[in-house]
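These are the residues of each chain, in order.
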Amino acid sequence: MNHLSLSELCCLFCCPPCPSRIASKLAFLPPEPTYALLSDESGTRWTLHLSERADWQYSTREKDSIECFMTRTVRGNRIACMFVRCAPSARYTLLFSHGNAVDLGQMSSFYVGLGSRINCNVFSYDYSGYGASSGKPSEKNLYADVDAAWHALRTRYGIRPENVIVYGQSIGTVPSVDLAARYESAAVILHSPLTSGMRMAFPDTKKTYCFDAFPNIDKISKVTSPVLVIHGTEDEVIDFSHGLALYERCQRPVEPLWVEGAGHNDVELYGQYLERLKQFVSHELVNL
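Residues numbered from 1 in each chain as written. Predicted model: local features only at pLDDT ≥ 70, side-chain atom pairs only at ≥ 80, totals over all residues. Heavy atoms only, no water.

## Some thoughts on the overall build of the protein chain
Assigned secondary structure in the protein chain consists of 10 helices and 10 strands. The long-range share in the protein chain, meaning contacts at least 24 apart out of those at least 6 apart in sequence, stands at 67%. Just so you have it, the protein chain exposes about 12700 Å², and 50% of that area is on carbon and sulfur atoms. (Helix = DSSP H or I, 4+ residues; strand = E, 2+ residues; numbered from the N terminus. Contact = heavy atoms within 4.5 Å. Areas by Shrake-Rupley, 256 points an atom, 1.4 Å probe, with all protein chains shown as cover.)

What follows is the structure in structure tokens.
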């Protein structure tokens, strides 16, 4: 998330077209792609090629457990999808919407590590304009992207909603909350979530304006699945108060994880992160 001056923000909020301008300026920082997807002659099988910048940390065996393909959104973009088979006996698959300045190549090692440690498979996708996905990042595209990912996960792999955990990190909490407000799933995990674009730019904002972007705070109360909120208390990008506010609006909150001293990009490095996820997936969800 890049920081803008007050005059730039005023210009954004006062000059149409507001929501898309705000969204793209405040939120989207696609990196130079760290991978490529090459198709065979039939155009149905795709091979993942990672660049050095993807920082892949495993052997070929783990890479063979990753399947990639392209799918089309209702807004006409082709988005890259990645299915990581981490655990053959996994009951749950995470539908993972990643953070802002990364793509699937950079996230691939993290997905392998996370899924194998909490006994879940991981399905992820790149937003329009990220990685191998076509188009440009925008708020509307974000919602179409997660919809296409959800339907691909359901149809291609036959995974039922009660076996999907919708996981969003940072900007990825925006498509995650939007999806979870419309479809029931096993659970929702919100990792360093934001309440809305205006509330990030102007922390004293008390209500949602028609031109606000990413209004998670208004959608979260429509989510009927159990919700686990995870946030670092020293988050320098999305203040800890955002996680608290969303937690308080949940219909079915579970015990949240407030990581004392953690910032925006290091929550995963704290031991309690994995412990809380294991507890949630292996024990609480089974008994909910």
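## Structural notes on the confidence of the model for the protein chain
Considering every residue of the protein chain, the mean pLDDT works out to 90; 87% of them sit at 70 or more. In the model, residues 14-18 has pLDDT below 50 throughout and makes five contacts with residues more than four positions away in sequence or in other chains. (pLDDT = per-residue confidence, 0-100.)

## Quick word on the side chain of Thr71
Turning to its location among the elements, Thr71 is positioned in strand 3 (residues 66-72). The exposure class assigned to Thr71 is buried, which follows from its relative accessible area of 19%. Once residues lying within four places of it in the same chain are set aside, the contact partners of Thr71 are Asn77, Arg78, Ile79, Cys81 and Ala148. (Buried < 20%, exposed > 50% of the residue type's maximum accessible area, 1.4 Å probe, protein only.)

## Some points on the sheet that holds strand 5 (residues 92-97)
Taken together, the eight strands give an open sheet; going across it, the order is 3-4-6-5-7-8-9-10, and neighbouring strands pair in mixed fashion. Lying at the two open borders of the sheet, with one neighbouring strand each, are strand 3 and strand 10 (257-259). Across the sheet, the mean angle separating the axes of adjacent strands is 20° when strand polarity is ignored. (Pairing = 2+ DSSP bridges. Axes fitted to C-alpha atoms, helices over the stretch in contact; angles between N-to-C directions.)

## Observations regarding the pattern of salt bridges
One pass over the full model with this rule turns up nine salt bridges. Among the ionic contacts, a cluster of salt bridges with common partners joins Asp147, Asp178, Arg182 and Lys219. (Salt bridge = Lys/Arg side-chain N within 4 Å of Asp/Glu carboxyl O.)

## Here we look at the packing of aromatic side chains
Applying the stated criterion across every chain yields a total of 16 aromatic pairs. Pairing Trp56 with Tyr58 gives two aromatic rings, centres 5.6 Å apart and planes at 65°, and the pair type is edge-to-face. Taking 6.3 Å as the distance between ring centres and 50° as the angle between the ring planes, the aromatic pair formed by Phe69 and Tyr157 counts as tilted. Highlighted residues: Phe69 in strand 3 and Tyr157 in helix 5 (residues 139-157), separated in sequence by 88 residues. Assessed through its relative accessible area of 3%, Phe69 is described here as buried. (Phe/Tyr/Trp six-rings, centres within 6.5 Å; stacked < 30°, edge-to-face > 60°.)

## Some details on helix 10 (residues 271-287)
With 17 residues, helix 10 should reach 24 Å at 1.5 Å per residue; the first-to-last C-alpha distance of 24 Å fits that figure. Of all the bends in helix 10, the largest measures some 40° and sits at Phe280. Of the residues making up helix 10, those classed as buried are Tyr273, Arg276, Leu277, Phe280, Val281 and Leu285. (Expected span 1.5 Å × (residues − 1). Bend = angle between axes of the 7 residues up to and from the residue.)

## Comments concerning the pairing of strand 8 (residues 187-191)
Each regular strand carries side chains that alternate between the two faces of the sheet. Among the five residues that make up strand 8, five are buried, leaving the element largely enclosed by the rest of the structure. Side chains Ala187, Ile189 and His191 of strand 8 all project onto a buried face; the interleaved residues Val188 and Leu190 project onto the opposite face, where all are buried too. Relative to strand 8, strand 7 (residues 164-169) is paired through five bridges, and the arrangement is parallel. Bridge pairing in strand 8 links Val166 to Val188. Inspection of the sheet shows strand 8 paired to strand 9 (residues 227-232) by four bridges, in the parallel sense. Looking across to strand 9, one finds that His191 is bridged to Ile230.

## Re the packing of helix 4 (residues 104-118) against helix 10
Direction vectors running N to C along helix 4 and helix 10 enclose 50°, while the axes themselves pass 9 Å from each other. In terms of axis orientation, helix 4 runs oblique to helix 10. As for how helix 4 packs across helix 10, the hand of that crossing is right-handed. Across the interface between the two elements, Phe110, Leu114, Arg117 and Ile118 from helix 4 touch Tyr273, Leu274, Leu277, Lys278 and Val281 from helix 10. (Parallel < 35°, antiparallel > 145°, perpendicular 65-115°, else oblique. Left-handed = near helix turned anticlockwise from the far one by under 90°.)

## Quick look at the side chain of Asp126
By the element assignment, Asp126 lies in the loop between strand 6 (120-125) and helix 5. The buried charged residue Asp126 lacks any salt bridge, with Arg53 as its nearest oppositely charged partner at 11 Å. Within polar-contact distance, the side chain of Asp126 engages the side chain of His98 at 2.7 Å. (Lys, Arg positive; Asp, Glu negative; His and termini not counted. Polar contact = N/O pair within 3.5 Å; in protein donor to acceptor, adjacent residues only side chain to side chain.)

## Here's the deal with the packing of helix 5 against helix 6 (residues 173-182)
For the pair helix 5 and helix 6, interaxial distance at closest approach is 9 Å and the crossing angle is 60°. Judged by the angle between their axes, helix 5 and helix 6 are oblique. Every pair of crossing elements has a handedness; the one defined by helix 5 and helix 6 is right-handed. Between helix 5 and helix 6, the residues in contact are Leu142, Tyr143, Val146, Asp147 and Trp150 and Val174, Pro175, Asp178, Leu179 and Arg182, respectively. Looking at the contact of helix 5 with helix 6, its residues break down into seven nonpolar, no polar and three charged. (Nonpolar A, V, L, I, M, F, W, Y, C, P; charged D, E, K, R; others polar.)

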